[in-house]
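Fold and contact review
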Amino acid sequence: MADTRFEWDSKKDVENQSKHGVSFAEAQVAFLDPKRVIAEDLAHGSTETRHYCFGQIGEGVMTVRFTYRESVIRIIGAGYWRKGKRIYERENQIHERTTGKTEGRS
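Read on for a plain summary of the structure. Residue numbers run consecutively from 1 along every chain, following the written order of its sequence. Whole-chain, interface and lining totals are the exception, using all residues; otherwise, since this is a predicted model, local features are given only for residues with pLDDT of at least 70 and side-chain atom pairs are given and counted only at 80 or more. No hydrogens and no water enter the side-chain calculation; it runs on all heavy atoms of the structure.

**A few points about the overall build of the chain**
Rule in force here: Only DSSP runs of H or I with at least four residues qualify as helices, and only runs of E with at least two residues qualify as strands; both kinds are numbered from the N terminus onward. Burial status follows relative accessibility: with a 1.4 Å probe on protein chains alone, a residue under 20% of its type maximum counts as buried, one over 50% as exposed, and anything between as partly exposed. By definition in these notes, contact holds between two residues if any of their heavy atoms fall within 4.5 Å. Note on areas: Shrake-Rupley with a 1.4 Å probe; residue coverage comes only from the protein chains shown.
Within the chain, the secondary structure is distributed over three helices and five strands. What you see in the chain, going N to C, is helices and strands ordered as β-α-α-β-β-β-β-α. The proportion of buried residues among the 106 residues of the chain is 34%. Taking the intrachain contacts of the chain between residues at least 6 apart in sequence as the baseline, contacts between residues at least 24 apart amount to 42%. Just so you have it, the chain exposes about 7,700 Å², and 45% of that area is on carbon and sulfur atoms.

As C-alpha coordinates, this is what we get:
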(Lines give C-alpha, C1' and ligand atoms only; values in the text may rest on other atoms or scores of the structure.)
Protein backbone atom coordinates (compact mmCIF):
# COMPACT_ATOMS: atom_id res chain seq x y z
CA MET A 1 0.00 0.00 0.00
CA ALA A 2 3.00 2.32 0.41
CA ASP A 3 3.15 2.98 -3.34
CA THR A 4 -0.61 3.20 -3.80
CA ARG A 5 -1.88 6.47 -5.17
CA PHE A 6 -5.31 7.92 -4.52
CA GLU A 7 -7.25 10.63 -6.30
CA TRP A 8 -10.72 12.15 -6.17
CA ASP A 9 -12.80 15.01 -7.45
CA SER A 10 -12.44 17.87 -4.94
CA LYS A 11 -16.06 18.97 -5.49
CA LYS A 12 -17.32 15.43 -4.71
CA ASP A 13 -15.09 15.43 -1.61
CA VAL A 14 -16.76 18.60 -0.30
CA GLU A 15 -20.21 17.15 -1.07
CA ASN A 16 -19.31 13.90 0.70
CA GLN A 17 -18.08 15.77 3.78
CA SER A 18 -21.33 17.74 3.90
CA LYS A 19 -23.55 14.69 3.38
CA HIS A 20 -21.66 11.97 5.31
CA GLY A 21 -19.16 13.83 7.50
CA VAL A 22 -16.17 12.05 5.97
CA SER A 23 -13.36 13.47 3.84
CA PHE A 24 -11.82 11.41 1.07
CA ALA A 25 -8.39 12.00 2.66
CA GLU A 26 -9.70 10.24 5.80
CA ALA A 27 -11.27 7.49 3.65
CA GLN A 28 -7.82 6.42 2.41
CA VAL A 29 -7.10 5.03 5.88
CA ALA A 30 -9.70 2.26 5.39
CA PHE A 31 -7.37 0.67 2.82
CA LEU A 32 -4.67 0.27 5.50
CA ASP A 33 -6.76 -2.14 7.58
CA PRO A 34 -5.14 -5.59 7.14
CA LYS A 35 -8.64 -7.13 7.53
CA ARG A 36 -10.23 -4.82 4.94
CA VAL A 37 -12.80 -6.36 2.62
CA ILE A 38 -12.89 -5.44 -1.08
CA ALA A 39 -16.09 -6.20 -2.99
CA GLU A 40 -17.29 -5.39 -6.48
CA ASP A 41 -20.27 -3.02 -6.75
CA LEU A 42 -22.55 -5.27 -8.77
CA ALA A 43 -25.42 -2.76 -8.70
CA HIS A 44 -23.46 -0.12 -10.60
CA GLY A 45 -24.55 -0.09 -14.24
CA SER A 46 -21.70 1.90 -15.80
CA THR A 47 -19.06 0.49 -18.12
CA GLU A 48 -16.50 1.32 -15.39
CA THR A 49 -16.21 -1.35 -12.69
CA ARG A 50 -16.71 0.02 -9.19
CA HIS A 51 -15.74 -1.49 -5.85
CA TYR A 52 -16.25 -1.09 -2.13
CA CYS A 53 -13.58 -1.17 0.53
CA PHE A 54 -14.82 -1.93 4.03
CA GLY A 55 -12.11 -1.09 6.54
CA GLN A 56 -11.87 -0.29 10.22
CA ILE A 57 -10.85 3.21 11.23
CA GLY A 58 -10.66 3.63 14.99
CA GLU A 59 -13.84 2.15 16.46
CA GLY A 60 -15.86 2.33 13.23
CA VAL A 61 -15.98 0.52 9.91
CA MET A 62 -15.89 2.84 6.91
CA THR A 63 -17.29 2.00 3.50
CA VAL A 64 -15.36 3.53 0.59
CA ARG A 65 -16.72 3.38 -2.94
CA PHE A 66 -13.96 3.51 -5.54
CA THR A 67 -12.70 2.52 -8.97
CA TYR A 68 -9.29 1.86 -10.47
CA ARG A 69 -8.04 4.25 -13.13
CA GLU A 70 -4.60 3.59 -14.58
CA SER A 71 -3.26 2.00 -11.35
CA VAL A 72 -4.73 4.79 -9.20
CA ILE A 73 -7.54 4.30 -6.69
CA ARG A 74 -10.15 6.96 -7.40
CA ILE A 75 -12.45 7.50 -4.42
CA ILE A 76 -16.06 8.18 -5.34
CA GLY A 77 -17.81 8.18 -1.96
CA ALA A 78 -17.30 7.23 1.69
CA GLY A 79 -19.16 6.97 4.95
CA TYR A 80 -19.90 4.92 8.03
CA TRP A 81 -22.84 2.76 6.95
CA ARG A 82 -24.43 -0.13 8.84
CA LYS A 83 -24.51 -2.38 5.79
CA GLY A 84 -20.77 -1.98 5.27
CA LYS A 85 -20.12 -2.78 8.92
CA ARG A 86 -22.25 -5.94 8.67
CA ILE A 87 -20.35 -7.11 5.58
CA TYR A 88 -17.00 -6.41 7.27
CA GLU A 89 -18.03 -8.30 10.40
CA ARG A 90 -19.44 -11.23 8.43
CA GLU A 91 -16.33 -11.57 6.27
CA ASN A 92 -14.07 -11.34 9.33
CA GLN A 93 -16.43 -13.52 11.40
CA ILE A 94 -16.85 -10.91 14.12
CA HIS A 95 -19.82 -11.45 16.39
CA GLU A 96 -21.06 -9.10 19.07
CA ARG A 97 -21.37 -10.54 22.55
CA THR A 98 -24.83 -10.72 23.96
CA THR A 99 -25.55 -9.52 27.45
CA GLY A 100 -27.18 -11.67 30.07
CA LYS A 101 -26.45 -15.04 31.58
CA THR A 102 -24.41 -17.67 29.78
CA GLU A 103 -26.19 -20.99 29.31
CA GLY A 104 -25.39 -23.53 32.02
CA ARG A 105 -24.36 -20.84 34.48
CA SER A 106 -26.41 -19.18 37.15
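Once the structure has been displayed, the description carries forward.
**Quick word on the nonpolar core**
Threshold: Within this scheme, the nonpolar core is defined by two criteria: the residues are buried Ala, Val, Leu, Ile, Met, Phe, Trp, Tyr or Cys, and they are joined through side-chain atoms within 4.5 Å.
In terms of nonpolar packing, the biggest core is built from 14 residues, with Phe-31, Met-62, Val-64 and Ala-78 touching the most fellow members. For this core, the elements supplying multiple residues, two or more each, are α2 (24-27), β3 (51-57), β4 (60-69) and β5 (72-79). Once residues lying within four places of it in the same chain are set aside, the contact partners of Val-64 are Ala-27, Ala-30, Phe-31, His-51, Tyr-52, Cys-53, Ile-75, Gly-77 and Ala-78. Judged by nonpolar contacts, the second largest core, of five residues, contains Val-37, Phe-54, Val-61 and Tyr-88.

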